[in-house]
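# Secondary and tertiary structure notes
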Amino acid sequence: EIYLKPDSILFDIGAHVGFWEVILGSKCRHIYAFEPSPYNFGRLSRNIAQNRIPNVTAVPGAVSDQTRKLRFVENGSMSHVGENGIELNGIQLDECAAQYEPPTVVKIDIEGHAGAALSGMRRALSQYRPVLFLELHNTNEVAACHAVADGLGYKFAQLGNESGFPHRCRATAD
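Let me begin by describing the structure that accompanies this report. Values in this document were obtained by computation on a predicted structure and should not be read as measured data.

## Things to note about the sheet that holds strand β11 (residues 167–173)
Reading across from one edge, β3-β2-β1-β8-β9-β11-β10 is the order of the seven strands in this open sheet, with mixed pairing throughout. Each edge of the open sheet is held by one strand with a lone partner, namely β3 (56–60) and β10 (154–158). Taking the axes of each pair of neighbouring strands and ignoring which way they run, one obtains an average angle of 15° across the sheet. Two strands pair when backbone bridges link them, and strand β1 (residues 9–13) and strand β2 (residues 30–35) are joined in this way by five bridges, in the parallel orientation. Within β2, the residue paired with Ile-9 across the bridge is His-30. Along the sheet, helix α2 (residues 38–50) makes contact with β2 and β3, crossing β3 at roughly 170°. Where helix α6 (residues 139–149) meets the sheet, it contacts β9 (131–136) and β10, and its direction lies at approximately 160° from that of β9.

Take a look at the structure:
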């Protein structure tokens, strides 16, 4: 099935340096690329500009269950929200869906924090029913995602034949 269409709105949660923005920018109407790492956010912004991708909005901050200050640990591709690290803004996706436009597709790869991200978009999940593509990194993150999405009628399907982590899956609403 094709989930990304010319009129799709993609929320890329954990955009890193913009790999998916470069590849998918021409395949959808708009991408909102969320990236908490100040270092990677600079690289993301440069990639968007250098590749002349006009339909991407880079959004700095860590997606979570509520708008508040969070701590963020820089550690390359394993950077994550944690107890220590730099302070940055937390972003709630329900607010972003209202401020920007509602997503039709959401990709989340945020090193253990996907359950909190989904929790912060319950209203958008319920109202707009976007397709979710998730990369989950441990059993707690899997359980947290199911705790939010199962109750909203989402069904999960594993992508690929991998065992262990990271676990890649798609979740679609009934």
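We are not done yet, so read on.
## So, the nonpolar core
Counting residues in hydrophobic clusters, the biggest one holds 30 residues, and the most contacted among them are Phe-11, Ile-13, Phe-34, Leu-93, Ile-108, Leu-118 and Leu-132. Take this core: its biggest share by element is four residues, from α6. Core analysis: the next-biggest nonpolar cluster, separate from the first, contains 13 residues, Cys-28, Leu-44, Ile-48 and Val-56 among them.

## Topic: the sheet that holds strand β4 (residues 62–64)
Across the sheet, which stays open at both edges, the four strands sit in the order β4-β7-β5-β6 with mixed pairing between neighbours. The sheet terminates laterally at β4 and β6 (80–82), the two strands that pair on one side only. Between one strand axis and the next, the sheet turns by 55° as a mean value, whatever way the strands run. Strand direction decides the pairing type here: strand β5 (residues 69–73) and strand β7 (residues 86–92), joined by four bridges, are antiparallel. Within β7, the residue paired with Leu-70 across the bridge is Leu-88.

## Topic: the pattern of salt bridges
Once their charged atoms are close, side chains differing in charge can pair, the charge on each being opposite to the other. Scanning all chains against the criterion turns up four salt bridges. Of the charged contacts in the structure, one is a salt bridge between Arg-68 and Asp-65, with a shortest N-O distance of 3.3 Å. Residue class for Arg-68 comes out partly exposed when judged on its relative accessible area of 35%. According to the relative accessible area criterion, Asp-65 is partly exposed, its value standing at 26%. Across the salt bridge formed by Arg-168 and Glu-135, the nearest N and O atoms sit 2.8 Å from each other. In this pair, Arg-168 sits in strand β11 while Glu-135 sits in strand β9, placing the two residues 33 residues apart along the sequence. Classification of Glu-135 as buried rests on a relative accessible area of 16%.

## What about α6?
The α-helix advances 3.6 residues per turn, and as a result positions three or four apart in sequence lie on the same side. Listed as buried for α6 are Glu-141, Val-142, Cys-145, Val-148 and Ala-149. Burial along α6 is one-sided: seen end-on, the buried residues are contained in an arc of 135°. When the buried face of α6 is taken as reference, the exposed residues oriented beyond 90 degrees from it are Thr-139, Asn-140 and Ala-147. Buried residues along α6 sit in contact with α4 (114–119), α5 (122–128), β9 and β10. For α6, the capping residue at the N-terminal end is Asn-138, with a side-chain oxygen 3.1 Å from the backbone nitrogen of Asn-140.

## As for the pairing of β2
Among the six residues of β2, six are classified as buried, and the element is accordingly described as predominantly covered. Neither face of β2 is exposed, since His-30, Tyr-32 and Phe-34 on one face and Ile-31, Ala-33 and Glu-35 on the opposite face are all buried. Sheet analysis places β2 next to β3, joined by five bridges and oriented parallel. Paired with Ala-33 across the bridge in β3 is Ala-58. Between the parallel elements β2 and β3, the chain passes through α2 in a crossover that is right-handed.

How each quantity is defined
Residues numbered from 1 in each chain as written. Predicted model: local features only at pLDDT ≥ 70, side-chain atom pairs only at ≥ 80, totals over all residues. Heavy atoms only, no water. Pairing = 2+ DSSP bridges. Helix = DSSP H or I, 4+ residues; strand = E, 2+ residues; numbered from the N terminus. Axes fitted to C-alpha atoms, helices over the stretch in contact; angles between N-to-C directions. Contact = heavy atoms within 4.5 Å. Core = buried A, V, L, I, M, F, W, Y, C linked by side-chain atoms within 4.5 Å. Buried < 20%, exposed > 50% of the residue type's maximum accessible area, 1.4 Å probe, protein only. Salt bridge = Lys/Arg side-chain N within 4 Å of Asp/Glu carboxyl O. Arc of directions from axis to C-beta. Polar contact = N/O pair within 3.5 Å; in protein donor to acceptor, adjacent residues only side chain to side chain. Right-handed = clockwise from strand over helix to strand, strands pointing away.

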